Amino acid sequence: MSIRATYLLLLSFLCFAFSFAQKEITVTGTVIDATDKYHLEYATVSIIKSSDKTLVSGEITNSKGEFKVHITPGVYDVKIEYLSYKTRTYQNKTITTNINLGTVGLELNLEALDAVEVIAETTTVEVKLDKKIYNIGKDLTTAGGTVSDALNNVPSVSVDIEGAISLRGNSNVRILINGRPSALAGFGDTNVLGQLPAEAIERVEVITSPSARYDAEGTAGILNIILRKKEILGFNGSINLNLGNPDLAGVATTVNYRTEKFNLFSNIGFRYRDAPRNSVSTIDYFDRIVDGDIIVPTYERIRENQVVTRINKNYNGNIGMEYYLTDKSSITGSVFYRYGEDADLSLNNSERFNYSSIVERTLRIERQNEQDNTYQFALNYITKFNDKGHELTADLQYENSAEEQFTLIDEDYIVSETINPEPFQKERIFQTEDQNEYLLQVDYILPIGDDARFEAGYRGNFQNEITDYLLEQENIATNDFFVNDTITNVFDYSENVNAVYTQYGTKFGKFSFLLGLRLEHTQLKGQIESRLTEVELNEAFGFPIDTVFDKNYLGLFPTLNLIFEVGNDKDTEESITFGYNRRINRPRGWFINPFPTRSSRTNVFQGNPNLNPAFASAFDLGYLKRWEKLTLTSSIYYQYETDSFERVQENTGQQTTDGIDIVRTIPVNLSTNARTGAEFGILYNPKKWLRLNTSFNFFQFETDGEFNGIDYSAKNTSWFARFSGKVTLPGKIDWQTNAFYRGAQEDAQTKTEGLFSLDLAFSKEILNDNATISMNVRDVFNSRIRRSFTTTEFFTRDRASQWRQRQVTLSLIYRFNQQKKRQREGRNSGGDFDFEG
């Protein structure tokens, strides 16, 4: 062969070899669970060069467990991984042509499962642009408890003895369930959260600086409660049994069935509870000057001792299905139903004094029975246009709550200096409430490049509440009942909100920002149907009201959230955040209804139809640093609110039939309210067997305003702190202690003493870790008693009340088929702009 021919042959061979080397080939296969043969979606497939162990290419499996990786010919290690499963590796595999690895079965890694469980026991915190996310760990003190109990252990949040929820000491907080207003949250009545099991919570989002995507309602911010939704293969679930004292019995089941095309989930429960409460109130009356005349009160002092037995039976169920239309879209439908029965018996022993001697004693017996039917239909659709976050979601929701209440009130003399005193009228109250709410929401997210995002959306929320109140009183002469025309009424109240928003966020290196604007139109519409004329109503209530009103408000609500990641240390995370937002606080129906309550003849609560929404501007500066075992969060904040709501107590100038002054509590718009505060929290897990959590919140508020010629300006500081410690004892017994203290506080009329409570709990895994038995004691020292002292121009009031007594609960949770966890990443994550700190 000639040299030229040899050269040409060699050149041809090299060209062929070069072209072969650049040829793209594929590695395909299917990943399944080795035991149950389910396809494993989102398993990771890595192609690693055998010579230097560098990563060449990779892929994740689709909903059918399939993968397809493009590489060039060579010698590789093929690694297949999935959370909580043993890794499968093919080493030094020579791949020169397309290859199908076939069906790859992965086996469970039991040690990894145990590690996941340890993480799940620990409460963690994430700081994002517009919120803090507290992933609720295994909180023993709330086993057998309610959502309200669990919220009381979340930093920045406190739940008072009457069930009212506040954020950083401010009760104007918006409660959302899974990002939306919901019947599960009781149409704004947070007492309903006391009927939902704590085990239903997956995480709580504390949103003190909400972005434009969120409803502008709630001057304190938003608490978004995310409920657990199982994403576990096959048929699985749990059964929860509870017994307690005072009488408590409950059973709840969670059942899920998951296939490749749909996920069927359900929660059904029953709860019986006796929740006795008590209160003691002492009122000292002063002489009054009216038109130059001195009016001497009929009694100098009245002491009321009230004991209430509350029997509650509650049935609730939630069933839904998520159907995966394609790999990138799904539709979810759910139905929630709750039926409740309440039977309350109130015994109010009233003693009247003159010159330090009892001149009269009465016993007021109030029997109240209530039935509540609530249901909710919800439909959610989500479609992802790609894997980079481009998506569209739509929600449609309807809720209805129908409540019937019957009350019988009877009061008799036990002691009286008057011979044959005039007997009291018996009273019968028939009340129905019908509430309807419609929600329509559409959100669109468009990523712009790798680090920017544009969002826009619409939300329409339409609520209507009709309260039909009928009061019948006894005719003493005939023992017949007649209708009280002054109090009997029908109150029709609507709140309609239409909102559109847009926001843009981006990231420049370590700096991220999210800028948004929300436009909301609010309509507050009401009509009072009464047997009295408007003039007669004005005289009866003591202030002018409109029996028909239609108020409209158009507001712009800008938001700005910034985050800066500090430092380059790989072993720590450190960030600084800043947030600004404008908020609105709309009055609820019971704050508007002017007809007074009847639970006491002498102390009543009365709504105010003249209330207007309050508006607030809030600023928040936060800092987070996270080490391997320690997380520190802190922030300082300032809020300025106009037309803020305040409850004031005043003498109505009216008296009962036996000459006792009637005192009413009424909400009013009290000009301005400025709040300044600071908080910090520490999560510390020094050992696997020891976990510590503490937080502290200090705030000052200054109110400036007057009502009916009386100055209610006040300035006060207060604070609250909590501590939680969890220790694993020998024998794998967990012991948890929670302590809470709320400092004394004061407003224009009332001083409230500090309050301390302590909770203890123990638990142990049994039946091969498929079940947990626990016992907890809430309020060990029975010290959650609210003590307050009110001073006005005409009277002083010393009051102590205990809404809930010490509770001991024994709980058993049994889980079945919950070993194999599976994640559909991103299915529900598109709503948040997740530049994390």
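Each chain has its residues counted from 1, running along the sequence as written. Two thresholds apply to this predicted model, a pLDDT of at least 70 for residue-level local features and 80 or more for giving and counting side-chain atom pairs, whereas whole-chain, interface and lining totals are computed over all residues. Side-chain figures throughout are based on the complete set of non-hydrogen atoms in the structure, without hydrogens or water.

**A short note on the overall build of the protein chain**
Logical step 1: In this description a helix means any DSSP run of H or I spanning at least four residues, a strand means any run of E spanning at least two, and both kinds are numbered starting from the N terminus. Along its length, the protein chain carries 5 helices and 49 strands.
Logical step 2: By definition, residues are in contact when any of their heavy atoms lie within 4.5 Å. Taking the intrachain contacts of the protein chain between residues at least 6 apart in sequence as the baseline, contacts between residues at least 24 apart amount to 68%.
Logical step 3: Summed over all atoms, the accessible surface of the protein chain reaches about 38,100 Å², with 56% contributed by carbon and sulfur. Residue burial considers only the protein chains on display, and all accessible areas are found by Shrake-Rupley using a 1.4 Å probe.

**Looking at the sheet that holds strand β6 (residues 88–95)**
Logical step 1: The strand order across the open sheet formed by 4 strands is β3-β2-β5-β6, and the pairing between neighbours is antiparallel. Strand pairing shows two members of the sheet lacking a second neighbour, β3 (55–60) and β6, which therefore form its edges. Across the sheet, the axes of successive neighbouring strands diverge by a mean angle of 20°, strand direction being ignored.
Logical step 2: Summarising the sheet, strand β5 (residues 74–81) and β6 pair through 6 bridges and their orientation is antiparallel. Paired with glycine 74 across the two strands is isoleucine 95, which belongs to β6. Note: two strands are recorded as paired if DSSP finds a minimum of 2 bridges between them. To get an axis, a line is fitted to the C-alpha atoms, and for a helix only the part in contact is used. The angle between two axes follows their N-to-C directions and goes from 0 to 180 degrees.

**Overview of the confidence of the model for the protein chain**
Logical step 1: Per-residue pLDDT for the protein chain has a mean of 82; in total, 84% of the residues score no lower than 70.
Logical step 2: As a per-residue measure, pLDDT tells how confident the predictor is, with possible values from 0 to 100. In the model, residues 13–21 has pLDDT below 50 throughout and makes 4 contacts with residues more than four positions away in sequence or in other chains.
Logical step 3: Across residues 186–191 the pLDDT falls below 50, and counting only partners more than four positions away or on other chains, this stretch makes 17 contacts in the model.

**Overview of the pattern of salt bridges**
Logical step 1: Only one rule defines a salt bridge in this text: a Lys or Arg side-chain nitrogen within 4 Å of an Asp or Glu carboxyl oxygen. Tallied over the full model, the rule gives 21 salt bridges.
Logical step 2: Note that arginine 586 and glutamate 217 form a salt bridge whose closest N and O atoms lie 2.8 Å from each other. Note that arginine 586 is positioned in the loop between β31 (573–585) and α5 (589–592) and glutamate 217 in the loop between β13 (201–207) and β14 (221–227), a separation of 369 residues in sequence.
Logical step 3: Relative accessibility under 20% of the residue-type maximum defines a buried residue, over 50% an exposed one, and the middle range a partly exposed one, all with a 1.4 Å probe and only protein chains included. The buried category is assigned to arginine 586, whose relative accessible area is 2%.
Logical step 4: Note that arginine 586 and glutamate 520 form a salt bridge whose closest N and O atoms lie 2.5 Å from each other. With arginine 586 in the loop between β31 and α5 and glutamate 520 in strand β29 (residues 511–530), this pair connects stretches of sequence that are 66 residues apart.
Logical step 5: The exposure class assigned to glutamate 520 is buried, which follows from its relative accessible area of 1%.
Logical step 6: Through salt bridges that share partners, Asp215, Glu217, Glu495, Arg518, Glu520, Arg586 and Arg588 make up one connected network.

**Some details on the packing of aromatic side chains**
Logical step 1: Any two of the Phe, Tyr and Trp rings considered here, Trp counted by its six-membered ring, make a pair once their centres fall within 6.5 Å; the pair's planes then place it as stacked at under 30 degrees, edge-to-face at over 60, or tilted in between. Going through the model one piece at a time under the given rule, you end up with 23 aromatic pairs.
Logical step 2: On the numbers, 5.6 Å between centres and 35° between planes, the contact of phenylalanine 696 with tryptophan 719 is tilted. Linking phenylalanine 696 in strand β38 (residues 690–704) with tryptophan 719 in strand β41 (residues 714–729), this pair joins segments that are 23 residues apart in sequence.
Logical step 3: Accessibility expressed as a relative area gives 29% for phenylalanine 696, which makes it partly exposed.

**Section: the pairing of strand β36 (residues 661–669)**
It is a general feature of regular strands that their side chains alternate between the two faces of the sheet.
Logical step 1: Along β36, 8 of the 9 residues are buried, which leaves the element largely enclosed by surrounding structure.
Logical step 2: Relative to β36, strand β32 (residues 603–605) is paired through 3 bridges, and the arrangement is parallel. Of the residues in β36, the one forming a bridge with phenylalanine 605 is threonine 665.
Logical step 3: Judged from the 8 bridges that link them, strand β35 (residues 645–655) and β36 form a sheet pairing that is antiparallel. If you follow glutamine 649 over to β36, its bridge partner there is threonine 665.
Logical step 4: Hairpin connection of β35 to β36: 5 residues between the antiparallel strands, including glycine 659 at a positive phi of 85°.

**Here's the deal with the pairing of strand β47 (residues 786–791)**
Logical step 1: Bridge count between strand β44 (residues 750–752) and β47: 3 bridges; the pairing is antiparallel. Bridge assignment links threonine 752 to a residue of β47, and that residue is serine 788.
Logical step 2: Linking β47 to strand β48 (residues 795–802), which pair antiparallel, is a turn of 3 residues.

**So, the side chain of asparagine 716**
Logical step 1: By the secondary structure assignment, asparagine 716 is in strand β41.
Logical step 2: We define a polar contact as two N or O atoms separated by no more than 3.5 Å, with the added condition that, inside protein, one atom must be a possible hydrogen donor and the other a possible acceptor, whereas residues neighbouring each other in sequence contribute only through side-chain atom pairs. Among the polar contacts listed, one links the side chain of asparagine 716 to the backbone oxygen of glutamate 746, at a separation of 2.9 Å.

**Topic: a negative patch on the surface**
Logical step 1: Here a patch means residues that are over 30% exposed by relative accessible area and free of salt bridges, tied together within 9 Å if like-charged and within 5 Å if nonpolar (Val, Leu, Ile, Met, Phe, Trp, Tyr). We treat Lys and Arg as the positive residues and Asp and Glu as the negative residues; His and chain ends play no part in the count. Just so you know, the charge point we use is NZ for Lys, CZ for Arg, CG for Asp and CD for Glu. A grouping of Glu702, Asp704, Glu706 and Asp711 is seen on the molecular surface, where their side chains present a negatively charged patch.
Logical step 2: The residue aspartate 704 is located in strand β38 in this model.
Logical step 3: By relative accessible area, which is 45% here, aspartate 704 ends up partly exposed.

**Considerations on unusual backbone geometry**
Glycine aside, residues mostly have negative phi, and peptide bonds are mostly found in the trans state.
Logical step 1: Looking along the chain, the bond that leaves asparagine 245 and enters proline 246 is cis, with omega of 0°.
Logical step 2: Mapping proline 246 onto the fold places it in the loop between β15 (234–245) and β16 (248–258).
Logical step 3: Unusually for a residue other than glycine, asparagine 420 sits at a positive phi of about 50°.
Logical step 4: If you trace the backbone, asparagine 420 turns up in the loop between β24 (391–416) and β25 (427–448).
Logical step 5: The exposure class of asparagine 420 is exposed, given its relative accessible area of 72%.
Logical step 6: One non-glycine residue, asparagine 782, lies in positive phi territory at about 55°.
Logical step 7: Relative to the helices and strands, asparagine 782 is located in the loop between β46 (771–778) and β47.
Logical step 8: On the basis of relative accessible area, asparagine 782 is assigned to the partly exposed category, the value being 26%.

**Description of the environment of proline 613**
Logical step 1: Locating proline 613 in the fold gives a position in the loop between β32 and β33 (614–626).
Logical step 2: Given a relative accessible area of 2%, proline 613 falls into the buried group.
Logical step 3: As for proline 613 and leucine 524, which are separated by 89 residues in sequence, their C-alpha atoms are 9.4 Å apart.

**Observations regarding the sheet that holds β32**
Pairing between the strands of a sheet comes from backbone hydrogen bonds, and it takes one of two forms, parallel or antiparallel.
Logical step 1: Here we have 3 strands laid out as an open sheet, ordered β32-β36-β35, and mixed in their pairing. A single partner strand is all that each edge strand has here, and the edge strands are β32 and β35. Between one strand and the next, the sheet's axes are offset by a mean angle of 25°, whatever the strand orientation.

**What to know about the environment of serine 356**
Logical step 1: As for its placement among the helices and strands, serine 356 is situated in the loop between β22 (329–354) and β23 (357–384).
Logical step 2: When the C-alpha positions of serine 356 and glutamate 300 are compared, they lie 8.4 Å apart, and in sequence the two are 56 residues distant.

**A word on the environment of tyrosine 458**
Logical step 1: By the element assignment, tyrosine 458 lies in strand β26 (residues 452–474).
Logical step 2: Once residues lying within four places of it in the same chain are set aside, the contact partners of tyrosine 458 are Leu440, Gln441, Val442, Asn498, Ala499, Val500 and Tyr501.
Logical step 3: One polar contact links tyrosine 458 to asparagine 498, side chain to side chain, over a distance of 2.7 Å.

**Digging into the side chain of glutamine 802**
Logical step 1: As for its position among the elements, glutamine 802 is in strand β48.
Logical step 2: What makes glutamine 802 buried here is its relative accessible area of 6%.
Logical step 3: At 2.9 Å, the side chain of glutamine 802 forms a polar contact with the side chain of asparagine 782.

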